[in-house]
Amino acid sequence: MAKKTVYFDGFCGYTVAAVTENGKVNEFSFEKRGANCAVGDVYKGRVESVHTGMQARSAAFIDCGLGKNCFLSSEGFLPDGEKLEGEIPSLPELKAGDEIMVQVVKLPVGNKGAKVTARPTFVGKCMIYIPDVPFIGVSRKIKDAELRKNMEYSAKRLKGETDGIIFRTAAPYAKRSQLKDEYAYLKNLYAEVKETYKSASVGELLYADAALPVRVLRDTLSTDIEKVIAGNKDLKEKLEGIINLYPAQTRCPVQLYGGKRDMLDSLGVSKQILSLTSPRVELENGAYIVIEKTEALTVIDVNTGKFTGDYSLEQTVYHTNILAAREIARQVRLRNIGGIVVVDFIDMQNAAHCKALVEELERALKDDKAKCSVSPMSKFGLVEFTRKRVGSSPLPHMIKPCRCCNGTGYGKTSEFILIGVRTELLNLCADGAKTIRMDMNAETLARLTEWRELLNDLNSRLNCAIYAIPHKTYNEDTVKYRTDIADSEIPDNAIKLI
């Protein structure tokens, strides 16, 4: 099994995490610290309205103090539900004005509010605790039938009669005492949440899921993680504290990045992250795929591009489609694409190739933490699959609808542009620059001067003078750099940042 490296960095109020395998980024998370809402958060809500006749048997809209009402389906939400030990308790009869405890399972998207469940779950390293539902489940990634049977037996001995457990992939590595302690902790955690609920106000946050570093390590820390690299000393100490809580056989060393350049840029990760902002993804043989998201589904088109192959047309197309299937599985994870995905592979004549292609896509998607289901290829050469979105997508932090084309295209967000400016300034100073002149869009510069966290970060790390010159005619993401310039090259309207 290929060894993985996990990178963490924190700057300007954001935390970044990336997981690479053989140098290729397979997972990426980008989160603003102190964000208003996260998957797993539990709120006290008030029913605003109840509706019947929708896609669900009935549904309610809940005010959780998040700006937009949250959506609660009567079917609720339960992972791995086919292994239920008993009947799932139905939701109570709801009416407008009722107060209810709910947990966020999907973040707000566009004009839609968050999706919530009335059956909260609490996630640990080795298990997911499900209060008040008699349920047993084992991670689908545990394939061995005998091991699954043993884990199910352990769950029956461990859990209460009215509660549920789903064992995660780390569970087989843990001692029984560790599983017992984690179960007790999660059960007590729920008891505290219920007690807080009694005196809480509507819209109050009852429980917040763990911060990004905790969630990433909780989900990825296992025997195939080779090392963890932290961008600063404080983050390194925090990560070491988290890792030391886990069983010794799953721990790995945390290294401190000591370079002066931007960590993710110098280690070759930033370029891969930046490529997520483009709908076009290049394949290693010169072919490419195009990813377009619509309101209802995501469409992916496969093209041979510059690749012509050395053999027959059929073999050329088959080879390109196989590479595309592997990259598509990677891209839907990185971009956290959920819902229906339709892939227009290049037409093939060989039925065996068509079958092998669908099997390759299924195999590649098995590494995804989110549940995926692939349909057979249609007579038009289309392959459809569904993917359950878990957590939030990093793209809203990176791109926004373009204001110059009525929403038909996308441009970089101000925050993502300025984080790119930070990377470039760090690299220029690391190369020995003593004076830097930046010519940039006037509005982007105004946002830069207002972003105190970024300026404080640069001031603490750089030992050079930085001047910024505003230009009203520049595009938002246009920034031009000049180094070691004379005083005469700094105009009167220049703003000294450092």
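Preceding block: the structure.
Residues numbered from 1 in each chain as written. Predicted model: local features only at pLDDT ≥ 70, side-chain atom pairs only at ≥ 80, totals over all residues. Heavy atoms only, no water.

Side note on the overall build of the chain
(1) Moving on: If you tally the helices and strands in the chain, you get 11 helices and 27 strands.
(2) Moving on: Looking at the chain residue by residue over its 498 residues, the buried ones come to 47%.
(3) Moving on: Contacts in the chain between residues at least 24 apart in sequence constitute 66% of all its contacts with a sequence separation of at least 6. (Helix = DSSP H or I, 4+ residues; strand = E, 2+ residues; numbered from the N terminus. Buried < 20%, exposed > 50% of the residue type's maximum accessible area, 1.4 Å probe, protein only. Contact = heavy atoms within 4.5 Å.)

Topic: the pairing of strand β1 (residues 4–11)
As a general feature of sheets, a regular strand has side chains that alternate between the two faces.
(1) Moving on: With six of its eight residues buried, β1 lies for the most part within the structure.
(2) Moving on: Of the pairings in the sheet, the one linking β1 to strand β14 (residues 225–230) comprises five bridges and is parallel in character. Among the inter-strand pairings, Val6 is bridged to a residue of β14, identified as Val228.
(3) Moving on: Taken together, the eight bridges between β1 and strand β2 (residues 14–21) define a ladder with antiparallel strand orientation. Each bridged residue has a counterpart across the sheet, and for Thr5 the counterpart in β2 is Thr20.
(4) Moving on: A loop of two residues connects β1 with β2, the two strands running antiparallel in sequence, and Cys12 in this loop sits at a positive phi of about 55 degrees. (Pairing = 2+ DSSP bridges.)

Thoughts on a positive patch on the surface
(1) Moving on: On the surface, a cluster of positive charge is made up of Lys106, Lys112, Lys293, Lys371 and Lys388.
(2) Moving on: With respect to the helices and strands, Lys371 occurs in the loop between α8 (351–365) and β20 (372–374). (Patch = residues over 30% accessible without salt bridge, like charges linked within 9 Å, V, L, I, M, F, W, Y side chains within 5 Å. Areas by Shrake-Rupley, 256 points an atom, 1.4 Å probe, with all protein chains shown as cover. Salt bridge = Lys/Arg side-chain N within 4 Å of Asp/Glu carboxyl O. Lys, Arg positive; Asp, Glu negative; His and termini not counted. Charge placed at Lys NZ, Arg CZ, Asp CG, Glu CD.)

Brief notes about the packing of aromatic side chains
(1) Moving on: Under the criterion given, the structure shown has seven aromatic pairs.
(2) Moving on: A ring pair is formed by Phe122 and Tyr190, whose centres lie 5.7 Å apart and whose planes are at 55 degrees; its orientation type is tilted. Within this pair, whereas Phe122 is found in strand β9 (residues 122–123), its partner Tyr190 is found in helix α2 (residues 176–199), the two being separated by 68 residues in sequence. Both residues of the pair, Phe122 and Tyr190, count as buried.
(3) Moving on: On the numbers, 5.2 Å between centres and 65 degrees between planes, the contact of Phe122 with Tyr207 is edge-to-face. Residue Phe122 is found in strand β9, and its partner Tyr207 is found in strand β13 (residues 205–207); the two are separated by 85 residues along the sequence. (Phe/Tyr/Trp six-rings, centres within 6.5 Å; stacked < 30°, edge-to-face > 60°.)

A closer look at the sheet that holds strand β21 (residues 382–387)
(1) Moving on: Spatial strand order, β16-β17-β18-β19-β21-β20: six strands in an open sheet with mixed pairing. The two strands at the open ends of the sheet, each matched to only one other strand, are β16 (280–282) and β20. With direction set aside, neighbouring strand axes in the sheet form an average angle of 20 degrees.
(2) Moving on: Where strand β19 (residues 339–344) and β21 come together, six bridges link them in antiparallel fashion. Bridged to Val343 within β21 is Val383.
(3) Moving on: Across the face of the sheet, helix α7 (residues 313–334) comes into contact with β16, β17 (288–293), β18 (298–303), β19 and β21 while running at roughly 150 degrees to β18.
(4) Moving on: Here α8 sits on the sheet in contact with β20 and β21, set at roughly 175 degrees to β20. (Axes fitted to C-alpha atoms, helices over the stretch in contact; angles between N-to-C directions.)

Remarks on unusual backbone geometry
Leave glycine aside and you will find that most residues have negative phi; peptide bonds, for their part, are mostly trans.
(1) Moving on: At Asn22, a residue that is not glycine, the phi angle is positive and equals roughly 55 degrees.
(2) Moving on: A relative accessible area of 68% means that Asn22 is categorised as exposed.
(3) Moving on: The backbone phi angle of Asn336 is positive, close to 50 degrees, even though this residue is not glycine.
(4) Moving on: Its place among the elements puts Asn336 in the loop between α7 and β19.
(5) Moving on: With a relative accessible area of 6%, Asn336 lands in the buried category.

Some points on the packing of helix α9 (residues 414–430) against helix α10 (residues 442–450)
(1) Moving on: Packing of α9 against α10 leaves a shortest axis separation of 10 Å and a crossing angle of 75 degrees. Compared by their axis directions, α9 and α10 come out roughly perpendicular. Note on element contacts: α10 touches α9 through Thr444, Arg447 and Leu448, opposite Ser414, Ile417 and Leu418. (Parallel < 35°, antiparallel > 145°, perpendicular 65-115°, else oblique.)

So far we have only geometry, and geometry alone does not tell us how the molecule works.
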